[in-house]
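One-letter residues, chain by chain:
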Amino acid sequence: MEILSDVVNALVCFLGVIIALRIRIIPIWIGYILSIYSFLPFFLNDFLFPATYMSDQFLYTSTLEQVRSLNYFNHEIVNPKSLYTAWILSILPIPFVETVKSMGFYNRFLFLIIFLWLYNKNFLSGMTLSFILFYPSLVLYTSLSLREPTTLFLMILGIIFFIDKKYFCSFIVIIPLNYIKYQNFLLMIISYAVLFIYRKKTVAYKYRYLLIIFLIPTLFFVIVTLSIFSLKNYQLSLNLSENLLLLNKIRSSFYFQNFGNVDLYQSISSFQNLVSSSITAPIYFLIKPFPWEANNLFQIIQSLENIIVLIFLIVFTKKAFNQDSFITSRWLFLFTISMTLYGLVVFNYGTASRYKFTFIVIYVVGVSYELYKIYGYRFGKIFKIKF
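Description of the structure in this document. (Residues numbered from 1 in each chain as written. Predicted model: local features only at pLDDT ≥ 70, side-chain atom pairs only at ≥ 80, totals over all residues. Heavy atoms only, no water.)

## Concerning the pattern of salt bridges
Argument step 1. A full pass over the atoms with the stated rule returns six salt bridges.
Argument step 2. The salt bridge partner of Asp56 is Arg354, with a shortest N-O separation of 2.8 Å. One end of the pair, Asp56, is in helix α3 (residues 56–68); the other, Arg354, is in helix α18 (residues 349–375), and 298 residues separate them in sequence.
Argument step 3. Given the relative accessible area of 23%, Asp56 is considered partly exposed.
Argument step 4. Members of the salt-bridge network, linked through shared partners, are Asp56, Glu148, Lys181 and Arg354. (Salt bridge = Lys/Arg side-chain N within 4 Å of Asp/Glu carboxyl O. Helix = DSSP H or I, 4+ residues; strand = E, 2+ residues; numbered from the N terminus. Buried < 20%, exposed > 50% of the residue type's maximum accessible area, 1.4 Å probe, protein only.)

## As for helix α9 (residues 167–174)
Along an α-helix, residues three or four apart share an orientation, since each turn contains 3.6 residues.
Argument step 1. Within the sequence span of α9, burial applies to Ser170, Val173 and Ile174. On an axial view of α9, the arc spanned by its buried residues comes to 95 degrees, and they lie on one face.
Argument step 2. Those residues of α9 hidden inside the fold are in contact with α8 (148–163), α10 (177–180) and α11 (182–197). (Arc of directions from axis to C-beta. Contact = heavy atoms within 4.5 Å.)

## As for empty space enclosed by the protein
It is a probe the size of a water molecule, rolled over the atoms, that shows where empty space is left.
Argument step 1. Taken as a whole, this structure holds five cavities of 30 Å³ or more when the rule is applied.
Argument step 2. Approximately 150 Å³ is the volume found for the largest cavity.
Argument step 3. Every residue lining the largest cavity is counted, 14 residues in all, and those nearest its centre are Ser191, Leu334, Phe335, Phe359 and Ile362.
Argument step 4. Of all the secondary-structure elements, those providing two or more residues to the lining of the largest cavity are α8, α11, α17 (325–345) and α18.
Argument step 5. For the lining of the largest cavity, the leading source of residues is α17, giving five residues. (1 Å grid on protein atoms, 1.4 Å probe; cavity = no way out; pocket = protein on both sides within 12 Å on 5 of 7 lines; lining within 4 Å. Points joined across faces, edges and corners; volume = space filled by probe spheres on them.)

See below:
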């Protein structure tokens, strides 16, 4: 009987696509793709890979089941991140939470909502539309029982509202991030600050080249101070040695989770070491694992995906840079901050994939929408084939 409940969940997602087609929000070809995606959670957990491969799915599913049973403030739920995620997802009109696959349908419906909203804004086209529809990590993680789709949903809302100059709404929608994924909340606040201060026709824009001298050390300071996100008391320190100690504590914890010991762990012991590590961290975090580092089929596929995504980002950034180098540079700077932060502390390939896909999507959506709002520019196909 449990599988029947998930069949009903999938049909609700499918019905949402049918309604979008009937009121002509999306064309038929997109409707076909989204219809197939409605049933995708059936073919992931305990089919393509064991559900225990991402064991925290059981926690999120169990918490959502408790919330849907009206146990909104169950004191037995010890993970507040899963609780806040469940509160948000419980609003969706998906009826059942019976299996580890169930929450995947909630996330698929959440993706459908955000996609329809973005598509209705008329800026998704060509390579950006194809990317949002076919980016493998985005399709995968929005079909699993994880918190990342909720995080992405809130971040996209925040960025779009901010570009639309609805600043109050942009701040309100990211408040839940403070409880679901605190480091992403801080990165969003930093993004708002950079996007607001470094605008054209401002003093900051006039002296933008001189301000690079300020931005580069700020990047490293932000990385270090944000490194305390996993501690229970979020007290920022201006003392570099204290922050380096906290950074190494977090890095060694991630290292231990991945390798089982810290015998070969290399600490960041100085500012010079931090700078050198920060230079290599973002690009390695973006493309790891390298093909020769892959240990199983899933990692090989992940490595190939990373190479393709890197090529896409290079082409996408080049096209965006040709439209407005200043706007593109701002977003590229923010993207680098997020990649560097996570690149310094995350060692596990699967964890890296889960963390980075959110910021890749935000980068593509943010650049695309801002260029559309200012210039009416819509990206074409990644390659133009002439016969």
